[in-house]
Amino acid sequence: MFERIALTVVPVAAVVLVGFLYGRARKPDLRVANQLNMELFVPALLVSVLAGKNFELSAYAGLSLGASLVVLGSGLLLLPLCLLPSIRFKTFIPPMMFNNTGNMGIPLLVLAFGEQALPAAIVLFIIEMIWHFTLGIYLLDPRTSPWQLLRMSIIQATLIGLVFSFAGWQLPPLIATPLDMLGQIAVPLMLFTLGVRLTSVNLSDWKIGLLGAIACPASGIALAWSYQWLWPLPAEHFHYLLVFGALPPAVLNYMLAEQYQQEPGKVASIVMMGNLGSLIVIPLTLAWILHTG
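Residues numbered from 1 in each chain as written. Predicted model: local features only at pLDDT ≥ 70, side-chain atom pairs only at ≥ 80, totals over all residues. Heavy atoms only, no water.

Per an unreviewed UniProt entry, the protein chain goes by the name AEC family transporter and belongs to Balneatrix alpica. If you open the UniProt record of the protein chain and go to Subcellular location (unreviewed entry), you find "Cell membrane". (UniProt positions renumbered as here; feature names shortened; annotations may be inferred.)

What follows is about the overall build of the protein chain. Summing up its helical and strand segments, the protein chain has 13 helices and zero strands in all. Secondary structure elements of the protein chain, listed N to C terminal, follow the sequence α-α-α-α-α-α-α-α-α-α-α-α-α. Its C-alpha atoms give the protein chain a radius of gyration of 18 Å, near enough to 19 Å, the size a compact globule of 293 residues would have. Judged by the C-alpha coordinates and their principal axes, the protein chain covers about 55 × 45 × 40 Å. The contacts in the protein chain between residues at least 6 apart in sequence include a share of 84% that link residues at least 24 apart. Total accessible area on the protein chain is roughly 14,100 Å²; 68% of this is exposed by carbon and sulfur atoms. Side-chain charges in the protein chain split into 13 positive and 12 negative, and the spacing between the mean points of these groups amounts to 11 Å. (Helix = DSSP H or I, 4+ residues; strand = E, 2+ residues; numbered from the N terminus. Rg over C-alpha atoms; globule rule 2.2 N^0.38 Å. Contact = heavy atoms within 4.5 Å. Areas by Shrake-Rupley, 256 points an atom, 1.4 Å probe, with all protein chains shown as cover. Lys, Arg positive; Asp, Glu negative; His and termini not counted. Charge placed at Lys NZ, Arg CZ, Asp CG, Glu CD.)

Right, let's get into the pattern of salt bridges. All chains considered together, the criterion is met by two salt bridges. Residue arginine 143 pairs with aspartate 141 through a salt bridge whose shortest N-O separation is 3.1 Å. Among the salt bridges present, the one from glutamate 263 reaches lysine 266, with a minimum N-O distance of 3.5 Å. Judged by relative accessible area, glutamate 263 falls into the partly exposed class, the value being 24%. (Salt bridge = Lys/Arg side-chain N within 4 Å of Asp/Glu carboxyl O. Buried < 20%, exposed > 50% of the residue type's maximum accessible area, 1.4 Å probe, protein only.)

Turning our attention to a nonpolar patch on the surface. Together, Val32, Leu36, Leu40, Leu182 and Ile185 make up an exposed nonpolar region whose accessible area comes to about 380 Å². Secondary structure elements with two or more residues in the nonpolar patch: α2 (31–50) and α9 (173–198). The leading source of residues in the nonpolar patch is α2, at three residues. Here leucine 36 lies in helix α2. (Patch = residues over 30% accessible without salt bridge, like charges linked within 9 Å, V, L, I, M, F, W, Y side chains within 5 Å.)

Moving on, we come to helix α8 (residues 153–167). Along its 15 residues, α8 runs 21 Å from first to last C-alpha, staying within 8% of the 21 Å computed at 1.5 Å per residue. Burial in α8 covers these residues: Ile154, Ile155, Ala157, Thr158, Gly161, Phe164 and Ser165. Phi turns positive one or two residues past the end of α8, at glycine 168, with a value near 75 degrees. (Expected span 1.5 Å × (residues − 1).)

Turning to helix α12 (residues 252–259), its buried residues number three or more, namely Leu252, Asn253, Tyr254, Leu256 and Ala257. Check the buried side of α12 and you find it contacts α4 (89–97), α6 (118–140), α9 and α13 (264–292). Looking one or two residues past α12, glutamine 261 carries a phi angle of roughly 55 degrees, positive in sign.

Among the secondary structure elements, asparagine 100 is positioned in the loop between α4 and α5 (101–113). Residue asparagine 100 is classed as buried on the basis of its relative accessible area of 1%.

Where helix α3 (residues 61–77) contacts α4, the two axes come as close as 8 Å, and the packing angle between them is 150 degrees. Of the possible angle classes, the one that applies to α3 and α4 is roughly antiparallel. Relative to α4, the crossing made by α3 is right-handed. Between α3 and α4, the residues in contact are Val71, Leu72, Ser74 and Gly75 and Ile93, Met96 and Met97, respectively. For the contact of α3 with α4, the per-class residue count stands at five nonpolar, two polar and no charged. (Axes fitted to C-alpha atoms, helices over the stretch in contact; angles between N-to-C directions. Parallel < 35°, antiparallel > 145°, perpendicular 65-115°, else oblique. Left-handed = near helix turned anticlockwise from the far one by under 90°. Nonpolar A, V, L, I, M, F, W, Y, C, P; charged D, E, K, R; others polar.)

Going through the model one piece at a time under the given rule, you end up with zero disulfides. Of all cysteine sulfurs in the structure, the one in cysteine 216 sits closest to cysteine 82, which takes part in no disulfide; the separation is 13 Å. (Disulfide = S-S within 2.5 Å.)

A few words now on the environment of tryptophan 225. Position of tryptophan 225 relative to the elements: it lies in helix α10 (residues 206–230). With a relative accessible area of 39%, tryptophan 225 lands in the partly exposed category. Through-space distance from the C-alpha of tryptophan 225 to that of glycine 245 is 9.4 Å; in sequence the pair is 20 residues apart.

Written out as structure tokens, the structure is:
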């Protein structure tokens, strides 16, 4: 069991560490890499999986609903913490709701459960991203136009993939193969850029960061358990949802906080401490899954 956990967590942590060390040494400008990933590689991955011959969207309806409960429920469950001094709703709640499904969740699920977990990982990623780029942005700026969502490459790729999935169409090999090759770039690049991004985070607001590192996975895991009690999922889907609930805050929370000037320093500390804390939370979650599964 220990070996399997190590083979799951260590590769993910290693790529993040390489990015962190490279970022410290070279201080690269990630704007082009992030733009390529968000506008090309990740959309290619989404279309490749959603339009794949082995993907049946209806099989993930319960998992999708569970993921939505984890996202939305975390915000409601942790809302009372905003009554504490120096904790503002717009600073604390979004990172608690929107977790690191892309950078960490996809590779973790695939390494832990095999390639057969990739479609479920993509579904969880889509659910998190849709909520993040609708409700999440609205929480930061209620004046945001909903049409912004439809202009995003990730959303467009999701819609294209869903059309293929519902219609039962398949991409011809001449298109599917290069699309799959492009999509395979997305996950390792996500991990690497996560490591580089963490070099710009400081721990000056470590108290709120520590609170977030505990509250985020605690609420996610509790809600995943609650959903399983209310609407039991197949064992493997429950395990995917449990890992989803245990994930730390997404780095994107920091980028959006910076864009909307919503105490980016505090959000950065929440993200940094949460991702460091995941080195403990994720192995413990996987250990329980492997022990009981």
